[in-house]
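Spelled out, the chains give:
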Amino acid sequence: MAEPITSDSETPAGALGATIRRDTWGIAHVDAPSPEAAFAAQGWVAADDRIWQMEWDRRRVLGRWAEVVGMAGAREDAFFRRLGLADIARADWEALAPRTRAMTEVYAEGVNRWLADHAEALPPEFDHHPAPPELWEPWHCVAVYKLRHIFMGTLTRKLWRGRIMAQAGPEAVMATVGDITADSAILPGGGPGPDLLGDAAAVLDTAASDMAALAAAMDADGASNSWALRGDRTASGKPLLAGDPHRGIEFPNVYHQCHITCDDFDAIGMGFPGVPGFPHFGHNAEVAWCITHGMCDDTDVFVERFGPIESDGESTQMQWRTETLRIRGEGDVDVLCGTTPRGPVVLGDPGDGVALSMMWTGMYGADTTLDALWPMLEADSVDESIEAARPWVLPVNNLLVADRAGKIAFKIRGRVIERSPASRWTPVPATDEFAWDGLEAVPFEQLPESSDPQRGFLVTANNRTADAGPYISLDYAGPARHDRVCELIAPMSDATVADMASVHADVTSLVAPKVLDLVFEYGVECGHEMANGLLDMLAAWDHRMTAESAAATVYAVIKRRLIEAITERLGIAGAELGASGWPPAAEASRMAAGAAVRMICERRFDVVPGLDNPIGLRMAVSACVDETAAELSQRLGGDPQTWAWERLHRMASPHPLASALPSARELHPPVDGCGGDADTVRQGGTAPETGERAIHGSCARYAFDLGDWDNSGWVVPHGVSGVRGGDHDLDQRSAWLACDLIPMAFSAEAVAAVTADMRDI
């Protein structure tokens, strides 16, 4: 990286040529004379709001986070050094179209201009850093974008299922996936799709020995909701587009609100700090767009076996090099980085004789995703917006688009590569059969799409994509959120933005009735004095996970106890593969919980020792009810009517630096109780590992009104600023907790009406 900027920069004041108006929420509205000036100003604004977050992402992708936080960052640094993600990002940047590179160059110019002007006024996080931030380079835009998506794929799921294979066998692995073909599809009908499960038993039996040998030797995917209503269902007669992305809630928030205007486009949306444009959510004067995670199977993991390292640094089909990590307070540590014909080694070392390498769509061929960003801002119709997505690679998204002419459409965008069916499940042997050499992406035209459906709306919620078309994944979310959104919007005929906010706020669980059917059927041998009263409470419950509901608390803890009963009997409660803590404990726990809930809903107890007979089920379910009564009495007191869900279901928003350095703990934002759970539209996902604490939620909400852009609304969990203690670091928090939207001013008149501060840069 380059040398730190000093305050002696010769950049003249006003050189970017843009005007920035900050509204009452601190959100920047940029007015620039050209696209280049607009992107430069967006870089300046991103640095003004989120320079520490940009530095954090950049250091991680470069494998230099441990230089700030010591050993707390060493494991992650080693992973990214082994992956070589920085070199991949630099090569991808060089392969971008000239106009795209120019976009990142002026964006970097804006960032660096801000750094030069604020060298002596950096955010408080840098009080804990050993050095100030360094120059932003154009290719860093690609690097931090890749960083935000590397763990959204199937890497951790395949590692986790590989461990299950080693411990519980192929049938248990299949049960964790369940019958996804029975779930709701975004595009139903249309003929036979890929055979997802037909050869599973043979494939998994073949792989079982490899998994056992590997286990002996040695983020997080995202979720979201989105929906589009055609104009004949809305009050304005024009479409509505709404939704909310789900990720782990952290501070600063992953998304950054901004508005950029120039002669060529007028666009507003939420972007990634460090990346120009609005890749996921936004609108211009004619078109609105949003996405949910497509859950694509984008990663393969290979079990590499090799002999001792020779004097030339090579072993069987393996080359090793050494990179040095600088660990703050500890000195230097060497990391062995291996390369194989399948891809880089990410876990394991020469002394093991076995390791894991990986290949990912984000490093197989040039990643041209950023080539889509500028054309997206210029598109005048749904068709132009979808065409702009043609270069998209990472990640695979369910894209919804609507235009002011009235059209709504769905399109899968991104690089989909179909491989051997065996690769879908677990790590596979490092043989030519599974290598990616010569594979080509599914053509853009063959990726699923639909427009103006007869029912008048489109819904995506990480559920199964289509009944036909190319193979996308085994690892879709269950249908609960998708089906509930459909239930809510299907009756709407004159929908408004307020109606969209009410969908955001919905906390009805479609999973709860299925779980409780099991509880009522088998929880008949309870011994705790409060058990029958709790069962009566659940029988009268409306299945709404409201913050004040006591029944929701009882249900949540019983469900967690049932999950633990299943995962402990299968030996998958803390499944790790490759190294201690990998996958991370909370993520492994969340995956295990999702698999166990699917088993409960599908009554797949035949693979669970001790639960594969009615007597065992009665004993286990009754014990879960008794344990819940005892636990909640101890935690919340003896009166069940006071067991409000928000007392346990609290949304923490950890600051990464504060989590790593005790001296920075004051940077953590407050913790608040909230409603919802993993199965409700209002997301509040938990993991058995961390009890009922919400670890996954809506990192933004939005509703775009194509009849009147100024009637649109949005909100993020904290505020637009990532500077703790400022005016706009937490000022959207109360609106987010209430599932309200704040105004999204777009027209010049609306922006002027809410302008609280204005400056030229």
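Quick note: structure is the one above.
Thresholds applied
- Residues numbered from 1 in each chain as written.
- Predicted model: local features only at pLDDT ≥ 70, side-chain atom pairs only at ≥ 80, totals over all residues.
- Heavy atoms only, no water.
- Helix = DSSP H or I, 4+ residues; strand = E, 2+ residues; numbered from the N terminus.
- Rg over C-alpha atoms; globule rule 2.2 N^0.38 Å.
- Buried < 20%, exposed > 50% of the residue type's maximum accessible area, 1.4 Å probe, protein only.
- Areas by Shrake-Rupley, 256 points an atom, 1.4 Å probe, with all protein chains shown as cover.
- Lys, Arg positive; Asp, Glu negative; His and termini not counted.
- Charge placed at Lys NZ, Arg CZ, Asp CG, Glu CD.
- Phe/Tyr/Trp six-rings, centres within 6.5 Å; stacked < 30°, edge-to-face > 60°.
- Lys NZ or Arg CZ within 6 Å of the ring centre and 35° of its normal.
- Axes fitted to C-alpha atoms, helices over the stretch in contact; angles between N-to-C directions.
- Parallel < 35°, antiparallel > 145°, perpendicular 65-115°, else oblique.
- Contact = heavy atoms within 4.5 Å.
- Nonpolar A, V, L, I, M, F, W, Y, C, P; charged D, E, K, R; others polar.
- Pairing = 2+ DSSP bridges.
- Salt bridge = Lys/Arg side-chain N within 4 Å of Asp/Glu carboxyl O.
- Arc of directions from axis to C-beta.
- 1 Å grid on protein atoms, 1.4 Å probe; cavity = no way out; pocket = protein on both sides within 12 Å on 5 of 7 lines; lining within 4 Å.
- Points joined across faces, edges and corners; volume = space filled by probe spheres on them.
- Patch = residues over 30% accessible without salt bridge, like charges linked within 9 Å, V, L, I, M, F, W, Y side chains within 5 Å.

### What to know about the overall build of the protein
When helices and strands are tallied, the protein shows 22 helices and 29 strands. Expected size for 761 residues packed as a compact globule is a radius of gyration near 27 Å; at 26 Å, the protein falls within 12% of this value. The buried share of the protein, reckoned over its 761 residues, is 62%. Just so you have it, the protein exposes about 25600 Å², and 48% of that area is on carbon and sulfur atoms. Placing the 62 positive and 111 negative side-chain charges of the protein at their respective mean positions leaves the two points 2 Å apart.

### Structural notes on unusual backbone geometry
The amide bond that connects Phe 251 to the next residue, Pro 252, takes the cis arrangement and shows omega of 0°. Position of Pro 252 among the secondary structure elements: in the loop between strand 5 (240-247) and strand 6 (256-261). With an omega of -15°, the peptide bond running from Leu 394 to Pro 395 counts as cis. For Pro 395, the location among the structural elements is in the loop between helix 11 (382-388) and strand 16 (397-403). Phi at Arg 603 is positive, roughly 55°, even though this residue is not glycine. Summarising the element assignment, Arg 603 is placed in the loop between helix 17 (585-602) and helix 18 (614-636).

### Regarding the packing of aromatic side chains
Evaluation of the coordinates by the stated rule reveals 17 aromatic pairs. Look at Trp 52 and Trp 56: their rings are 5.7 Å apart centre to centre, the planes differ by 10°, and that puts the pair in the stacked class. Separated by 4 residues within a single helix, Trp 52 and Trp 56 lie in helix 1 (residues 35-62), roughly one turn from each other. The two residues Trp 52 and Trp 56 agree in class, both being buried. An aromatic cluster is built from Tyr 145, Tyr 255, Phe 272, Phe 281, Trp 392, Tyr 702 and Phe 704, whose rings are joined through pairwise contacts. The residue whose ring lies beneath Arg 99 is Trp 374, and the NZ or CZ to ring-centre distance is 4.0 Å. Between Arg 101 and the ring centre of Trp 93, over which it is positioned, the NZ or CZ distance is 6.0 Å.

### Comments concerning the packing of helix 7 (residues 155-168) against helix 8 (residues 170-177)
Two elements in contact, helix 7 and helix 8, have axes separated by 7 Å at closest approach and are oriented at 140°. Viewed along their axes, helix 7 and helix 8 adopt a mutual orientation that is oblique. Seen from helix 7, the contacting residues are Trp 160, Arg 161, Ile 164, Met 165 and Ala 168; seen from helix 8, they are Pro 170, Ala 172, Val 173, Thr 176 and Val 177. Looking at the contact of helix 7 with helix 8 residue by residue, the class counts come to 8 nonpolar, 1 polar and 1 charged.

### Details of the pairing of strand 26 (residues 701-705)
Among the 5 residues in strand 26, 5 count as buried, and that is most of the element. Every second residue of strand 26 is oriented toward a common face, with Arg 701, Ala 703 and Asp 705 on one face and Tyr 702 and Phe 704 on the other, all of them buried. Relative to strand 26, strand 5 is paired through 4 bridges, and the arrangement is antiparallel. Bridge pairing in strand 26 places Ala 242 opposite Ala 703. Two elements, strand 26 and strand 27 (residues 713-715), share 3 bridges in a ladder whose sense is antiparallel. By the bridge assignment, Tyr 702 is partnered in strand 27 with Trp 714.

### Brief notes about helix 8
Among the 8 residues in helix 8, 6 count as buried, and that is most of the element. Among the residues making up helix 8, those that are buried are Pro 170, Ala 172, Val 173, Ala 175, Thr 176 and Val 177. Directly after helix 8, the chain includes Gly 178, whose backbone phi takes a positive value near 75°.

### Here's the deal with the pattern of salt bridges
Summed over the entire model, instances satisfying the criterion amount to 47 salt bridges. Salt-bridge contacts for Glu 67 lead to Arg 64; the nearest nitrogen and oxygen are separated by 3.0 Å. A salt bridge links Glu 631 to Arg 561; the nearest nitrogen and oxygen atoms lie 2.8 Å apart. In this pair, Glu 631 sits in helix 18 while Arg 561 sits in helix 16 (residues 550-570), placing the two residues 70 residues apart along the sequence. Through salt bridges with shared partners, a single ionic network connects Arg 560, Arg 561, Glu 564, Glu 627, Glu 631, Arg 635 and Glu 692.

### What about the packing of helix 1 against helix 6 (residues 140-147)?
As a packed pair, helix 1 and helix 6 sit with axes 9 Å apart at the nearest point and diverge in direction by 85°. In this view, helix 1 runs roughly perpendicular relative to helix 6, as classed from their interaxial angle. Along its contact with helix 1, which presents Asp 57, Arg 58, Arg 60 and Val 61, the element helix 6 presents His 140, Ala 143, Val 144 and Leu 147. A per-class count over the contact of helix 1 with helix 6 returns 4 nonpolar, 1 polar and 3 charged.

### Some words on helix 14 (residues 512-522)
All of the buried residues in helix 14 are Ala 512, Val 515, Leu 516, Leu 518, Val 519 and Tyr 522. Along the axis of helix 14, the buried positions cluster into a sector of 150°, meaning they face one direction only. In this fold, the buried residues of helix 14 make contact with helix 15 (531-539), helix 16, helix 17 and helix 18.

### Concerning the side chain of Thr 546
In this structure, Thr 546 sits in the loop between helix 15 and helix 16. In this structure, Thr 546 is in contact with Val 507, Ala 552, Trp 645 and Gly 675, ignoring residues within four places of it in sequence.

### A word on the layout of surface pockets
Quantified by volume, the second largest pocket comes out at close to 1100 Å³. Counting only elements with at least two residues in the lining of the second largest pocket, the list comes to helix 7, helix 8, helix 12 (480-489), helix 16 and helix 17. The element contributing the most residues to the lining of the second largest pocket is helix 17, with 9 residues. For the lining of the second largest pocket, the per-class residue count stands at 22 nonpolar, 9 polar and 16 charged.

### Topic: empty space enclosed by the protein
If you add up the space inside the largest cavity, you get close to 70 Å³. Along the wall of the largest cavity there are 13 residues; nearest its centre are Met 152, Ser 224, Arg 247, Tyr 255 and Ile 291. Elements that contribute at least two residues to the lining of the largest cavity include exactly strand 4 (223-229), strand 5 and strand 9 (287-293). Among the residues making up the lining of the largest cavity, the classes are represented as 6 nonpolar, 6 polar and 1 charged.

### Brief notes about a negative patch on the surface
Taken together, the side chains of Asp 31, Glu 36, Asp 263 and Asp 264 define an acidic patch exposed on the protein surface. Within the secondary structure, Asp 263 sits in the loop between strand 6 and strand 7 (266-271). Residue classification places Asp 263 among the exposed residues on the basis of a relative accessible area of 67%.

### Brief notes about the pairing of strand 12 (residues 318-327)
Both strand 12 and strand 13 (residues 331-339) contribute to a ladder of 9 bridges, which runs antiparallel. Looking at the pairing, Leu 325 lines up with Val 333 of strand 13. Hairpin connection between strand 12 and strand 13: a loop of 3 residues separates the two successive antiparallel strands, and Gly 329 in this loop has a positive phi of roughly 80°.

### Some words on the sheet that holds strand 10 (residues 299-305)
Strand order across the open sheet formed by 4 strands is 14-15-10-18, with mixed pairing between neighbours. Both edges of this open sheet fall to strand 14 (345-347) and strand 18 (428-429), since each of them pairs with a single strand only. As paired elements, strand 14 and strand 15 (residues 354-360) share 2 bridges and run antiparallel to each other. Counterpart to Leu 347 in the pairing with strand 15 is Leu 356. Across the face of the sheet, helix 7 comes into contact with strand 10, strand 14 and strand 15 while running at roughly 50° to strand 10.

Honestly, that's just the spatial picture; any functional story needs more than this.
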